[in-house]
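Chains, contacts and geometry: an overview
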Amino acid sequence: LKKILVDDWSLICNKIKSTDGTTTSKLLNLPREFTVRKIIASYIQNKGKDNDTRVCNLLEGLRLYFDKALPYVLLYRHEREQYSLIDNEDDDISPSDIYGMEHLLRLFVRLPVALSEISSNGPDKKFVIKCFNDFITYLNKNADKFINMSDYCDADEAINTLKSKLKVITEKS
């Protein structure tokens, strides 16, 4: 998973010189095929009968936290224009319905700081850590399913693709 994060940062934050001499950066095509919401649902379905209401509630809380944290701490500077298209489009569209594992992994990098602020060292904190470790293991086992490095494309192309997809989504609403 660490390699995915490093590759993600490198593709988005490093300018790439094209054959015509111009420089461009890459962005992910959005919406992702496997969004954060779909990944969480897949994990819950995979757990099957071993599932616990507390696990579902915790992961729903993680999804809501992702939605709130994305514009403030999970986007690189180059991704802000792309996000502004989503933010201005429709209040019914949440980031967890657009973004995927790449951004979810960025959240897990920041999560230890948030967890350290939980005052309890008791069973609740241990449960949260155990559940998140199990979820990260699931992400690691399914990384090839959830992430495709060929989904990074030139920034202009990614923005134009998103504009046309958002137009279709809003027309259906």
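Look above for the structure.
Read on for a plain summary of the structure. Quick caveat, the model's predicted, so the values are computed rather than measured. (Residues numbered from 1 in each chain as written. Predicted model: local features only at pLDDT ≥ 70, side-chain atom pairs only at ≥ 80, totals over all residues. Heavy atoms only, no water.)

**Examining the overall build of the protein**
In terms of regular secondary structure, the protein is built from eight helices and four strands. N-terminal to C-terminal, the α/β element order of the protein is α-β-β-β-α-α-α-α-α-α-β-α. Taken over 173 residues, the protein has a buried fraction of 40%. Sequence-distant contacts in the protein: of pairs separated by 6 or more residues, those separated by 24 or more amount to 82%. Total accessible area computed for the protein in this model is approximately 10100 Å², and 50% of it derives from carbon and sulfur atoms. (Helix = DSSP H or I, 4+ residues; strand = E, 2+ residues; numbered from the N terminus. Buried < 20%, exposed > 50% of the residue type's maximum accessible area, 1.4 Å probe, protein only. Contact = heavy atoms within 4.5 Å. Areas by Shrake-Rupley, 256 points an atom, 1.4 Å probe, with all protein chains shown as cover.)

**Here we look at helix H5 (residues 101–116)**
For H5, with 16 residues, the first-to-last C-alpha span of 23 Å sits near the 22 Å given by 1.5 Å per residue. The largest bend along H5 measures about 40° and falls at Arg 110, with the proline Pro 112 one to four residues further on. When we look at burial in H5, the residues that qualify are Met 101, Glu 102, His 103, Leu 104, Leu 105, Arg 106, Leu 107, Phe 108, Leu 111 and Leu 115. (Expected span 1.5 Å × (residues − 1). Bend = angle between axes of the 7 residues up to and from the residue.)

**Structural notes on the side chain of Ser 25**
Mapped onto the elements of the fold, Ser 25 is located in the loop between strand E2 (23–24) and strand E3 (26–28). Overall, Ser 25 belongs to the buried group, its relative accessible area being 6%. Setting aside anything within four residues of it in sequence, one finds Ser 25 in contact with Ile 12, Asn 14, Lys 15, His 78, Cys 153, Asp 154 and Ala 155.

**Some points on unusual backbone geometry**
In the segment running from Leu 30 into Pro 31, the intervening peptide bond is cis, with an omega of -5°. By the element assignment, Pro 31 lies in the loop between E3 and helix H2 (36–47).

**Considering the packing of aromatic side chains**
Aromatic ring pairs are described here by two measures, namely the spacing of the ring centres and the angle between the planes. What the rule picks out here adds up to six aromatic pairs. Measuring from centroid to centroid gives 5.3 Å for Phe 34 and Phe 146, while their planes differ by 65°, and the two rings are edge-to-face. Residue Phe 34 is found in the loop between E3 and H2, and its partner Phe 146 is found in helix H7 (residues 143–146); the two are separated by 112 residues along the sequence. Ring geometry for Phe 108 and Phe 135: centres 5.9 Å apart, planes at 45°, overall tilted. (Phe/Tyr/Trp six-rings, centres within 6.5 Å; stacked < 30°, edge-to-face > 60°.)

**Points about the packing of H2 against helix H3 (residues 53–74)**
Relative orientation and spacing of two packed helices are given, respectively, by the angle between their axes and the distance between those axes. Taken N-terminus to C-terminus, the directions of H2 and H3 make an angle of 170°; their axes are 11 Å apart at the nearest point. When the axis of H2 is compared with that of H3, the two are roughly antiparallel. Residues Val 36, Arg 37, Ile 40, Tyr 43 and Ile 44 of H2 form the contact with H3, whose participating residues are Val 55, Cys 56, Leu 59, Arg 63 and Phe 66. Here the contact of H2 with H3 is built from residues that sort into eight nonpolar, no polar and two charged. (Axes fitted to C-alpha atoms, helices over the stretch in contact; angles between N-to-C directions. Parallel < 35°, antiparallel > 145°, perpendicular 65-115°, else oblique. Nonpolar A, V, L, I, M, F, W, Y, C, P; charged D, E, K, R; others polar.)

**What to know about the pattern of salt bridges**
Overall, the coordinates contain eleven salt bridges when judged by the stated rule. Residue Asp 134 pairs with Lys 47 through a salt bridge whose shortest N-O separation is 3.2 Å. Taken together, the residues span a long stretch of sequence, with Asp 134 in helix H6 (residues 123–141) and Lys 47 in helix H2 at a distance of 87 residues. Put simply, Arg 63 and Glu 60 hold a salt bridge, and the shortest N to O gap is 2.7 Å. (Salt bridge = Lys/Arg side-chain N within 4 Å of Asp/Glu carboxyl O.)

**Digging into helix H1 (residues 2–13)**
Since one α-helical turn is 3.6 residues long, residues separated by three or four positions face the same way. The end-to-end C-alpha distance of H1, which contains twelve residues, comes to 16 Å, matching closely the 16 Å that a straight helix rising 1.5 Å per residue would cover. Buried residues of H1: Ile 4, Asp 8 and Ile 12, and no others. Looking straight down H1, one finds that the buried residues subtend no more than 50° of arc, so they occupy a single side. Summarising the geometry of H1, the exposed residues directed more than 90 degrees from the buried face are Lys 2 and Lys 3. (Arc of directions from axis to C-beta.)

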